[in-house]
Every structure is written in structure tokens, then in C-alpha cells.
Amino acid sequence: MNFIRQYYFDFGVMSDNLSDLMAGFWITIKLSIFGGVLSLIWGLALAVIRQLPGRATAPLRWLSIGYIDAFRGIPLLIVLLLVSGGLSSLSSPIGGDVIPDFIGKPTWLGETSPFWYGVISLTITYGAYMAEVYRAGIEAVPNGQMEAARSIGMSHGQAMRFVIVPQAVRKVIPPLLNDFIALMKDTSLVSILGLADVVYVGRQIQSDIFNGSGLVAGAILFLIVTIPLARLVDYLIAREQRRTKRSGESNDSDQLEETQPAGGLPPNSGDLS
Amino acid sequence: MTATGESVLRIENVHKRFGSLKVLQGVDLTINRGEVVCVLGPSGSGKSTLLRCINLLEPPEEGRILLEDKEITGKANQDGIDFVRRRVGMVFQQFNLFPHMCALDNVTVGPLKVLDKPKSEVEPKARALLDRVGMSAKVDEYPDRLSGGQQQRVAIARALAMDPHVMLFDEVTSALDPELVKEVLDVMRELASEGMTMIVVTHEMGFARDVSDRVVFMDGGKVLEEGPPAEVLGNPQQPRTQKFLGLVLDH
Ligand SMILES: Nc1ncnc2c1ncn2[C@@H]1O[C@H](COP(=O)(O)OP(=O)(O)O)[C@@H](O)[C@H]1O
Ligand SMILES: [Mg+2]
């Protein structure tokens, strides 16, 4: 028992390393925010491309579908290793210097290259997950909405922008938050590139003094952020259900639609909510 | 009731199928300016499909549709869709209001985004339209706060905001509780009396008899009979029409 307390919950170890751990967690937060925001945008773009009308755009639709299928099925770790290895090699003499350093070894906004490899990989992978969430949201908007929009003269693009996507986004905020929680946990993989995030710092402590308390402190820091997020998801879902119920009662049509689009979640996104 | 004899819409031999299901099998119909035409027929006879062909929500496969003497069907008509949707308004059975916009925004979004008109011009006009359909007290309400009849009246105002030359109504009272039907029909009656050209798919025989200039009976994707309401409703010639009217009038 004593061993367990000392190995996992040595508060002395935690407080001695607090500033390093906090600095690491700050990197985790920044990775999550950059990766999260870019995935949100990229995922929406993919979903909208996937819904383009007409025969001429079919190749774009297939590209989008192929991309989504591929990156939902490839482990983030592999993407991360391929992105970091590829970009750094291609911008080195060994790879023929085919891309300039500022892309191959990015240090934008004063962040390190591993940080940006992480952001790019998270965006590639989570863009695919989020595209599926958006798609479920777009498909959950009743057909009549598109028809009504078209009947007052809107183009497909205008209808998507002013009518369909605003409704879809409202429906998909909870599942997107779930994806964000999963993304935040997955930032820890970037530590294998030597980025000093909270997991990297914890592992350093573990290998230096054979004590896991640094990693436990990291876990606690994650929970401080993810538990409130998970509660927020629950609250939003409950609110949406109340709203739908109310409109069902005051509305004498039978056109009630679902509140929660199904599917599109990465397999590990449900474990907190 | 102010038909001038000048044709606004000419539908010639229009065919439409979904897969192997032939839904429209050669529809011919001419609509004159200011005319109110009611389309009757059993469920599945192709009434909705006909309206959806007229505003090109479903492009017909064969035949022609001419709107104000311009052909809107056919491959050569990429601008046809724009031409039609700016001249033809449609009101749906399920209202299809935009639920994330208040009543006023539902009415203004078309002129603002599609016609690029300034807000200072669009908003007063939208308020006037909402007043005209008796909704001036509810301009800021969202659709889920409105009854079906109120939603349908906002939907009519939304279509009118685009200054359509022709209005299509697809069973616009069928989803309403009986006590809400009249408020919507009254708005349509008034529109008709102001000279709007209207094609009205309906099961409201009273409306067809009192308001329309002409009644069209459809079955099996064809127009079987058409004429003044008194004749088609009072003395139908085709057995199918007699049977249909018998069924409806008995109930
Ligand atoms: N988009 C569609 N895809 C397949 N079948 C359709 C579609 N729209 C209508 N139909 C079919 O066409 C037939 C006629 O439908 P509709 O025009 O809605 O008739 P009505 O309005 O007179 O009841 C029906 O059998 C219906 O199931
Ligand atoms: Mg119908």
C-alpha cells in the first residue's frame, strides 16, 4: 500500500516539478486549441465538399470520401510519424530539399517544429472524424429546408451557408466537443517527437527518479479540463432535448426530427460522456 | 378572378419518372396571368411533382415548360433555374420555415442574400408583408413559438418577398389543425383577389369552388379533366373524376 501511495501520489515530487508540469500542460493546451480549431474548419470543408451537388463535382466528392475513410482508419501515431519524418526529410539535403525549410521545419509563432507536426497530424486525422460529425448534422436537417431555400432563389452554396450549415452546427456541437476531448487526449502522442508536453515531462520524472507521480499529476491536469467539458456536453444534449420537446408540443405538424445525429464519433470519444 | 388571357406559364407534354415509376406522363397545362387554378387529384397522382417541375426542383425529362414565353426546361438553360426561382414562389405543406431565424428574418433573407437588396429597403417591406398576412405582432418570434397556421402565413410572406409573378401552393393546409385552416385560406383568398397568378394543389373543395377560375383534375400523372369549377366539380365528365369527387364530397 505504501509503495502505491509513494509511486503514484508523492505530492512532494508533484510540487517539486510543478512548474515544469504546468509548462508542459500549457503546450498540451496550445496543441489542443490549434489542432481543435483547424480540425473544426478542415472537417467542415470536407463535409461541405462531400455534399456538393451535380455530376461535375463527383470527383471532388470521391476524393473527400476517400480521404475521410482513410484517415478515420489510420492510427494518429502513424500519421504523426509520417508527417514529421516526411516534412523534415523533404526539406533536408537527404530528401532533395524539395520543400523550403519554413514549411518542412516550421517554427511559426515561435513554436517548435514537433509542435507544428503535431498540429498538422491532429488536423489531418480529426478533420476526418469531424467531417463525419458534420455530415450527420447536415443530413439531419430535413430535405424541406434545402427545397425552401432553393425555392426563394438561393444557390446550393447560399442554401448551405445561410440555412443548412447553421442548423447542422447547432445539432453537432455536443459530438464535436466529444471529438475535442478525444483530440486533447491524443495530443499526448506528440511527446514521442520530443515535444515537452505534460506527458513528456511526466515521463522524464518517471525515468529520472522511478516515480509515476509526475504522470499522475498530468492525468489530474487533463481531468480538470475534460470533466467540465464532458459535463457541458451532457448539458447541451439535455437542453437540445428539452427544446425539441417543447417545439413538438407547440407545433401541430408531424415533422419532428432527431436531435442527435448518430455516428461519426471516433471509437475513443465516448468514454468520458 | 382577373385573368387577362395572356399566358404566363405553358406546360407542354411534360414527363417525369423516378426510376421505373412514371409519375408525370405527358402533362399539358396553360396558366394565364391573374388566373387561380386549383389542382385536384388522388394522392400519388403527381400533383406535387408537377409543381416541383414548374420551379425546377425536379427537372422534367421530356416536354417543355415556358415561363413568360421563355423556355426554362432543357439542357441549354443553365440560367433557367435563376429565372424561374425569381419569378415563381412556392409554399409547402410542411411550411419549411428556417427554424434558426425569427419570422422577420425568414422573410428578409431571400431579398437580402439572393437579390442583394439593402436592409433599409427590405425590412420595411418584409414588415408590411407580415402585416398583410396578419403576423405583424409576431415578427420577432421563432418558428417553434408559432402555431402551424401562423408558420404557414409567414411562409407565404417569405415567398411574396421575392416579388413572384406566380405562386405555387402544395396542400398548404393539409398539415394544419382544422381550426387553423381558415386563417391560411383567407390570406390566399385575398392574394387571389389582388390578381396574383396562383396554382393551388388542394383538397379544400370550398376554396376550389369559390376562389378558382379553373379546376384541373389529375390522375395517374395526366390531366384528365379541366374547366370552370362549376363544371368540373358540379358535372364531371370523366368516370375517374366522378369517383374522386364522390369520395371527397361524401366525407
Ligand atoms: N423524389 C422522389 N423519388 C421517388 N419517388 C417519388 C419522389 N417524389 C415523388 N415520388 C413518387 O411519385 C408519385 C407521385 O408523387 P406526388 O407528386 O407527390 O403525388 P401527389 O402530390 O399527387 O400526392 C408517388 O408515388 C411518389 O411516391
Ligand atoms: Mg403532394
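Since the structure is predicted, the reported quantities are computational estimates derived from the model, not experimental observations.

Draft legend 1. Structural view of unusual backbone geometry. All names here are of chain B. Not every positive phi belongs to a glycine, and D69 is a case in point at roughly 70 degrees. In this structure, D69 sits in the loop between β4 (62-67) and β5 (70-71). For D116, which is not glycine, the phi torsion reads 60 degrees and is therefore positive. With respect to the element layout, D116 can be found in the loop between α3 (103-114) and α4 (119-132). Judged by relative accessible area, D116 falls into the exposed class, the value being 66%.

Draft legend 2. Here's a closer look at the layout of surface pockets. Considered as a void within the structure, the largest pocket measures approximately 1100 Å³ in volume. Considering the residues around the largest pocket, the lining is formed by 32 residues, among which A:R150, B:L56, B:L57, B:P59 and B:I81 are closest to the centre. Elements represented by at least two residues in the lining of the largest pocket include exactly α7 (113-140), α8 (143-151) and α9 (156-186) of chain A together with β4 and α2 (80-85) of chain B. Per element, the largest residue contribution to the lining of the largest pocket is 4 residues, and it comes from α8(A). Taken together, the residues that form the lining of the largest pocket break down as 13 nonpolar, 9 polar and 10 charged.

Draft legend 3. Spotlight on the pairing of strand β3 (residues 36-40) of chain B. Residues and elements named next belong to chain B. The element β3 is largely enclosed, with a buried count of 5 among its 5 residues. Of the two faces of β3, the one holding V36, C38 and L40 and the one holding V37 and V39 are both buried throughout. The sheet contact formed by β3 and strand β9 (residues 214-219) spans 4 bridges and is parallel. The residue bridging C38 from the neighbouring strand is V215, located in β9.

Draft legend 4. Representation of the site of ligand 1. All names here are of chain B. If you check the shell around ligand 1, you find F18, L21, V23, P42, S43, G44, S45, G46, K47, S48, T49 and E58 and nothing else. Measuring from an oxygen atom of ligand 1, one finds a backbone N or O atom of G44 at 2.7 Å. The side chain of S48 places a nitrogen or oxygen atom 2.7 Å from an oxygen atom of ligand 1. When isolated, ligand 1 has an accessible area of 560 Å², and the protein chains bury 60% of it. When residues of the shell around ligand 1 are traced back to their parent elements, those giving at least two are β2 (21-32) and α1 (47-54). Sorting elements by how many residues they give to the shell around ligand 1 places α1 first, with 3 residues.

Draft legend 5. Just the packing of helix α5 (residues 76-90) of chain A against α7(A), in detail. Residues and elements named next belong to chain A. Running from N to C, α5 and α7 cross one another at 135 degrees; their axes reach a closest spacing of 9 Å. Compared by their axis directions, α5 and α7 come out oblique. Of the two possible hands of crossing, α5 and α7 adopt the one that is right-handed. Across the interface between the two elements, L76, V79, L80, V83, S84, L87 and S88 from α5 touch Y117, G118, I120, S121, L122, I124, T125 and Y126 from α7. A class-by-class count of the residues in the contact of α5 with α7 yields 10 nonpolar, 5 polar and no charged.

Cut-off values and rules
Here, residues in each chain are numbered from 1, in the same order as that chain's written sequence. Labels follow written order: the first chain is A, the first ligand is 1, and so on. Given that this is a predicted model, residues contribute local features only at a pLDDT of at least 70 and side-chain atom pairs are listed and counted only at 80 or more, while totals for whole chains, interfaces and linings are drawn from all residues. Only hydrogens and water are set aside; all other atoms, that is, all heavy atoms of the structure, feed into the side-chain values. Here a strand is any run of E in DSSP of at least two residues, a helix any run of H or I of at least four, and the numbering for each starts at the N terminus. Categorising residues by exposure relies on relative accessible area from a 1.4 Å probe, with only protein chains included: less than 20% of the type maximum marks a residue as buried, more than 50% marks it as exposed, and the intermediate range marks it as partly exposed. Grid points spaced at 1 Å and placed over the protein atoms alone form the basis of the search, with a cavity being a set where a 1.4 Å probe fits but cannot get out and a pocket an open set showing protein on both sides within 12 Å along at least five of seven lines. Lining residues have an atom within 4 Å of a point. Grid points are joined across faces, edges and corners, and a volume is the space filled by probe spheres set on the points. We call Asp, Glu, Lys and Arg charged. Ala, Val, Leu, Ile, Met, Phe, Trp, Tyr, Cys and Pro are nonpolar, and the rest, Gly among them, are polar. Pairing between strands is defined by DSSP: at least two bridges between them are needed. Residues are counted as near a molecule or strand when any one of their heavy atoms sits within 4 Å of it. Side-chain atoms alone can form a polar contact between residues adjacent in sequence; in general such a contact is a pair of N or O atoms within 3.5 Å, and within protein one must be able to donate a hydrogen while the other accepts it. Note that accessible areas follow from Shrake-Rupley with a 1.4 Å probe, and for residues the cover is restricted to the protein chains shown. Orientation is described by axes fitted as lines to C-alpha atoms, over the contacting stretch for helices, and by angles from 0 to 180 degrees between their N-to-C directions. An angle counts as roughly parallel when it lies under 35 degrees, as roughly antiparallel when it exceeds 145, as roughly perpendicular when it falls between 65 and 115, and as oblique in every other case. By convention, the crossing between two helices is left-handed when the near helix turns anticlockwise from the far helix through less than a right angle, and right-handed when the turn is clockwise. Contact criterion: two residues are considered in contact whenever any of their non-hydrogen atoms come within 4.5 Å of each other.

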